[in-house]
Amino acid sequence: MAYVHSGVHRTASRLSVADIAAQPGGIEALQSRVHELRSRGVHFAANAIEQEMAALDLPPQG
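On a predicted model such as this, the values are computed, not experimentally measured, just so you know.

(A) Spotlight on the pattern of salt bridges. Within this structure, the stated rule accounts for three salt bridges. Residue Arg40 pairs with Glu36 through a salt bridge whose shortest N-O separation is 3.2 Å. Within the structure, one salt-bridge network assembled from shared partners comprises Arg33, Glu36 and Arg40.

What follows is the structure, encoded as structure tokens:
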């Protein structure tokens, strides 16, 4: 059976740290995510989020 391409493209939209921080409770959600990532040992991702938060002058995890 041949694969038929439907022509429908699904765009992968990603939320930025700024997008998340702008939402109600967004900063707390980011801080929680950083904590979760660190507890799983995924320090590179936690560091990336923290660097973006610092660039946006958002409060660090406290």
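Next comes the rest of the description.
(B) A look at the layout of surface pockets. Taken as a whole, the largest pocket holds about 180 Å³ of empty space. Lining the largest pocket, in full, are Arg14, Leu15, Ser16, Val17, Ile20, Leu30, Arg33, Ala45, Ala48, Ile49 and Glu52. Residue contributions to the lining of the largest pocket peak at four residues, all from helix α3 (residues 43-55).

Parameters at a glance
Residues numbered from 1 in each chain as written. Predicted model: local features only at pLDDT ≥ 70, side-chain atom pairs only at ≥ 80, totals over all residues. Heavy atoms only, no water. Salt bridge = Lys/Arg side-chain N within 4 Å of Asp/Glu carboxyl O. 1 Å grid on protein atoms, 1.4 Å probe; cavity = no way out; pocket = protein on both sides within 12 Å on 5 of 7 lines; lining within 4 Å. Points joined across faces, edges and corners; volume = space filled by probe spheres on them. Helix = DSSP H or I, 4+ residues; strand = E, 2+ residues; numbered from the N terminus.

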